[in-house]
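Breakdown of the fold
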Amino acid sequence: MTRTVDINEDVTKALRKFRFQRRSQGHAAIVIKINKAALKMVVDEEYDDISIADLVEELPRNSPRYVVLSYELKHRDGRTSFPLVLINWAPSSSETTMMTLHASALLDFQRVAEANKTIEVRDAEEGLTKEIVDEKLLS
């Protein structure tokens, strides 16, 4: 099967390591970007114990990213879990060619990331908040 964008072994190893890390509190994230020249995905950043608001501040306003988030979810019955959430960060102000590459590789990345839920974000300022993530995961 041919792919527009290659998901190299470094990315799959980083995702596997991230997925199996034990967490007892807080949110963690691994951010993946597409290297346009090489047509491959690369790890952009990793964050440990980061708030959703701080994560939004760190993400670019005009360039798409895939964010795999280990999210500390407080259930209504008092339990705490850490589901993996894929955030498809695709601000509408992004360059058209990057958005096309990003969209073409999304399904392959979803398969590799093995996240429980995918959240689409087009509006950087209001599209990603703790309330939105809670709502998506608890519904």
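Report follows, based on the coordinates.

Conventions adopted
Residues numbered from 1 in each chain as written. Predicted model: local features only at pLDDT ≥ 70, side-chain atom pairs only at ≥ 80, totals over all residues. Heavy atoms only, no water. Pairing = 2+ DSSP bridges. Helix = DSSP H or I, 4+ residues; strand = E, 2+ residues; numbered from the N terminus. Contact = heavy atoms within 4.5 Å. Axes fitted to C-alpha atoms, helices over the stretch in contact; angles between N-to-C directions. Salt bridge = Lys/Arg side-chain N within 4 Å of Asp/Glu carboxyl O. Buried < 20%, exposed > 50% of the residue type's maximum accessible area, 1.4 Å probe, protein only. Patch = residues over 30% accessible without salt bridge, like charges linked within 9 Å, V, L, I, M, F, W, Y side chains within 5 Å. Areas by Shrake-Rupley, 256 points an atom, 1.4 Å probe, with all protein chains shown as cover. Lys, Arg positive; Asp, Glu negative; His and termini not counted. Charge placed at Lys NZ, Arg CZ, Asp CG, Glu CD. Phe/Tyr/Trp six-rings, centres within 6.5 Å; stacked < 30°, edge-to-face > 60°. Core = buried A, V, L, I, M, F, W, Y, C linked by side-chain atoms within 4.5 Å.

A separate point is the sheet that holds strand 7 (residues 84-89). Spatial strand order, 1-3-2-4-7-8: six strands in an open sheet with mixed pairing. In this open sheet, the two edge strands, each paired with only one partner strand, are strand 1 (6-7) and strand 8 (117-121). The pairing of strand 1 with strand 3 (residues 40-48) spans two bridges and is parallel. What sits directly across from Ile 7, in strand 3, is Met 41. Sheet strands touched by helix 1 (residues 9-20): strand 1, strand 2 (28-35), strand 3, strand 4 (65-70) and strand 7. Its angle to strand 2, the strand with the most contacts, is close to 170°.

Turning our eyes to something else, we now look at the pattern of salt bridges. In the structure shown here, the tally under the stated rule is nine salt bridges. With a closest N to O distance of 2.8 Å, Arg 79 and Asp 77 form a salt bridge. On the basis of relative accessibility, which here comes to 49%, the residue Arg 79 falls in the partly exposed class. Given the relative accessible area of 55%, Asp 77 is considered exposed. A salt bridge links Arg 122 to Glu 120, with the nearest nitrogen and oxygen atoms 3.6 Å apart. Residue classification places Arg 122 among the partly exposed positions, given a relative accessible area of 45%. Linked through salt bridges whose partners overlap, the residues forming this network are Lys 33, Asp 44 and Arg 65.

Here the focus is a negative patch on the surface. The grouping of Glu 45, Glu 46, Asp 54 and Glu 58 at the surface amounts to a negative patch. Contributing elements (two or more residues each) for the negative patch: strand 3 and helix 2 (52-58). Structurally, Asp 54 can be placed in helix 2.

With that out of the way, let us pick up the environment of Lys 17. Within the element layout of this structure, Lys 17 appears in helix 1. According to the relative accessible area criterion, Lys 17 is exposed, its value standing at 58%. Through-space distance from the C-alpha of Lys 17 to that of Thr 100 is 28 Å; in sequence the pair is 83 residues apart.

Under the criterion given, the structure shown has one aromatic pair. Judged by centre distance (4.6 Å) and plane angle (20°), the rings of Tyr 66 and Phe 109 are stacked. Of this pair, Tyr 66 sits in strand 4 while Phe 109 is found in helix 3 (residues 96-113), placing the two residues 43 residues apart along the sequence. In this pair, the class of Tyr 66 matches that of Phe 109, namely buried.

This paragraph deals with the nonpolar core. Counting 22 residues, the largest nonpolar core has Met 41, Tyr 66, Val 68 and Phe 109 as its most contacted members. Within the residue set of this core, elements represented by two or more residues are helix 1, strand 2, strand 4, strand 7 and helix 3. At seven residues, helix 3 tops the list of elements feeding residues into this core. One finds Ile 50, Val 67, Leu 69 and Trp 89 within the second-largest nonpolar core, a separate group that totals 21 residues.

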